[in-house]
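# Structure assessment
Each chain is listed here by its residues.
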Amino acid sequence: MVFTRSRVVLVVVLLAASAAALTASGEAPSNSVSAAPATSHPILQYSLPPDKLAHSYALYRLDATLYFVTSVWSFLVLFLMLRMRFGVRLRDWAERTSRFRVVQALIVMSLFTLVFELTQLPFDIHRHYVGLSYGLSVQRWGSWFGDWGKSLLLGLVFVTLLGWILYGALRRSPRGWWFYFWLALIPIVILVLFVTPIWIEPMFNKFEPLSDHHSDLVAQIERVVHRAGMDIPPERMFEMKASEKSTTLNAYVTGFGSTKRVVVWDTTMEHMTTPETLFVFGHEMGHYVLGHIPKETGIILLQLLVLFYIGYRLATWLVARYGAGWGIRDLSDWASLPLLVLILSLLTFLATPAFNAVSRHYEHQADQYGLEVVHGLIPDTPLAAAQAFQVLGERSLDYPYVSKFAEFWLWDHPTIRDRIIFVQTYDPWGEGRQPEFVKGAP
Ligand SMILES: [Zn+2]
């Protein structure tokens, strides 16, 4: 939620790394700002009316609990697969069926993924049920199951390819496979980022050029774009028909190279005023012009390289010690799959705070960019930005008093509370300084 571009990047990269994708949600950091307010009115704090506050607290507790419970559950499932020699059965079946590695990969990877995803399905269903009961989602069950099936099919194609590459590397280089697999991942991740907006996202949502129904807004946006001396042609601005499925607001930047684009949910334009929407667009524009997708992808890939190396050491040691008991000949044996996925899932889980810290950094930078780029173009920027966050938080029932721990582990954006304060106190103009990203007078 809340401007989810980074989440898309994280999910893409983690998907590439593991069938058991662990994704975090939310927002986060608290810089208790004592600077002079940039606004003439008293500082607006993020707050919710009592009924929404109660709901937001319940959701906050539930989301965090579900996150940790489903993580532990997935580790348990993988461990049981290992103990019950599920990988051994898949291997035996695959080796009996074909001597071609790619066919074996198809059998092992797709059956493994299918069974694993089915063990996660009750939690996915529960999560959607919660979204419906709190009014955050309006997606019917039929459509929801359709989406689930589509993601599963996409996942099967994807993990088969990855498994084929991974075990090819494992067979050829018992010591260097983690590095070669990582190298192979780079073009795959870039390709996935490239095709996501043109092939994958349209499978789940409808998109149309923003100018089709919001030519007035596009004209306003172009003023903002020119203000920054930047070039985001209107062909790269899209409206997503989110209202068929969701009641929350969002906007994001997606794609890579020639498919890079800004997407604004129709719900955002429906519930925000034009100045508020322009600030949101300014934030997304920050991601776009500051190249956050390639930068963040690069950092995540480097983090993954470290995880792969640790995983390699750990897996080698575990197989030497327990491999015989688990029926694993060596790491390059298909039977090691549950073990490799378990190790990678555990490491990814432990590294979640590191992934999220990177994301929060770029989100904060985008907030700052958003303020700078609309400064002077809309009447009261601090107020408009604060109100945008208020609307955003209220619609997604974001709890105002997030704990430091939840923020550290789960929030991939700064908390709404901190963002609202930041936008009202960031004032380089009043302090006689040059803004960092968007220079020159409005
Ligand atoms: Zn963002």
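Calculation notes
- Residues numbered from 1 in each chain as written.
- Predicted model: local features only at pLDDT ≥ 70, side-chain atom pairs only at ≥ 80, totals over all residues.
- Heavy atoms only, no water.
- Helix = DSSP H or I, 4+ residues; strand = E, 2+ residues; numbered from the N terminus.
- Expected span 1.5 Å × (residues − 1).
- Contact = heavy atoms within 4.5 Å.
- Donors = N, O, S within 2.8 Å, 3.2 Å for Na, K, Ca; no water.
- Buried < 20%, exposed > 50% of the residue type's maximum accessible area, 1.4 Å probe, protein only.
- Core = buried A, V, L, I, M, F, W, Y, C linked by side-chain atoms within 4.5 Å.
- Pairing = 2+ DSSP bridges.

Turning next to helix H13 (residues 381-395). Its 15 residues give H13 an end-to-end C-alpha distance of 21 Å, which sits within 8% of 21 Å, the value for a rise of 1.5 Å per residue. In this structure, the buried side of H13 is in contact with helix H10 (274-289), helix H12 (337-374) and helix H15 (416-425). At the C-terminal side of H13, leucine 397 shows a positive phi close to 50°.

Let us look at the coordination of the zinc ion. For the zinc ion, the full set of protein donor atoms is His283 (NE2), His287 (NE2) and Glu363 (OE), and the range of their distances to it is 1.9 to 2.1 Å. Written as a sequence motif, the donor residues of the zinc ion are H-x3-H-x75-E. Note that histidine 283 is positioned in helix H10 and glutamate 363 in helix H12, a separation of 80 residues in sequence. When its relative accessible area of 0% is taken as the criterion, histidine 283 is described as buried.

Once that is clear, we can look at the nonpolar core. If you look at the biggest cluster of nonpolar residues, it comprises 107 residues, and the most contacted ones within it are Trp177 and Met285. The dominant element in this core, judged by the number of residues it contributes, is H12, at 15 residues. Other than its neighbours up to four places away in sequence, tryptophan 177 contacts Leu166, Ala169, Leu170, Tyr312, Leu331 and Leu340. Core analysis: the second largest hydrophobic core is formed by six residues, Met240, Tyr252, Val263 and Trp265 among them.

Turning our attention to the pairing of strand S4 (residues 261-265). For S4, a buried count of five out of five residues is recorded, marking the element as mostly surrounded by other parts of the structure. Here S4 shows two buried faces, one formed by Arg261, Val263 and Trp265 and the other by Val262 and Val264. Sheet topology places strand S2 (residues 237-240) next to S4; four bridges connect them, and they run parallel. If you follow phenylalanine 238 over to S4, its bridge partner there is valine 263.

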